[in-house]
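A look at the structure
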Amino acid sequence: MRRILALALAAAVALPALPSFAQSPDLIFRRSTVFRLLSPNDKLATYGIDDPDVEGVACHFTVPEKGGWAGTFGFAEQLSDVSLACRQIGPIRFRNRASQGDVVFREGRSFFFKRVQIVRGCDARRNVLVYMIYSDKLIDGSPQNSTSTVPIMPWGQQGDIQRCGEFIS
């Protein structure tokens, strides 16, 4: 029993420290949502990332951040509410082959086994990249999620545009 507890504690400490896949998100801004007199406020934070495997796509996501002393030191369970918007910001070029549902970004959201992830897929019929953000928890998952799509369009370039179905399967 002690061994199991020790392993669970080690995993709980290590999980939030897992690095994001390709980058740390850029903080765009934060807004307070709950005022706390003697400790930090609860906030909504908006971040931006670039897709590490698809040049020309950027995503912005908003997540709640618990305040108070527990939230400040990473012990509060973060809420699962998330939102996502992804857009084409330049010519789209695929850097690597990928699979449906590959992780674009992952970050720990609490001290105990919760994380937020952005995954990517391809709607080959419509030549549209599909991004989904969701939070999950080791024991019980979360239904809160958000989806954003990026139609692959010409961007001041002559010739054919790339087809996502050729790179994501």
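Residues numbered from 1 in each chain as written. Predicted model: local features only at pLDDT ≥ 70, side-chain atom pairs only at ≥ 80, totals over all residues. Heavy atoms only, no water.

Here the focus is the pattern of salt bridges. Applying the stated criterion across every chain yields a total of five salt bridges. For R120, the salt bridge identified is with D51, shortest N-O distance 2.7 Å. A residue pair is termed long-range when its members are at least 10 positions apart, and R120 in strand β6 (residues 114–123) and D51 in the loop between β2 (42–50) and β3 (54–65) qualify at 69 residues. The burial state of R120 is the same as that of D51; both residues are buried. Of the charged contacts, one joins E55 and R95 as a salt bridge, the two residues approaching to 3.9 Å between their closest N and O atoms. Pair noted here: E55 is in strand β3 and R95 is in the loop between β4 (83–94) and β5 (102–108), with a separation of 40 residues, a long-range link. A relative accessible area of 36% means that E55 is categorised as partly exposed. It is possible to trace a salt-bridge network through shared partners that takes in D51, D53 and R120. (Salt bridge = Lys/Arg side-chain N within 4 Å of Asp/Glu carboxyl O. Helix = DSSP H or I, 4+ residues; strand = E, 2+ residues; numbered from the N terminus. Buried < 20%, exposed > 50% of the residue type's maximum accessible area, 1.4 Å probe, protein only.)

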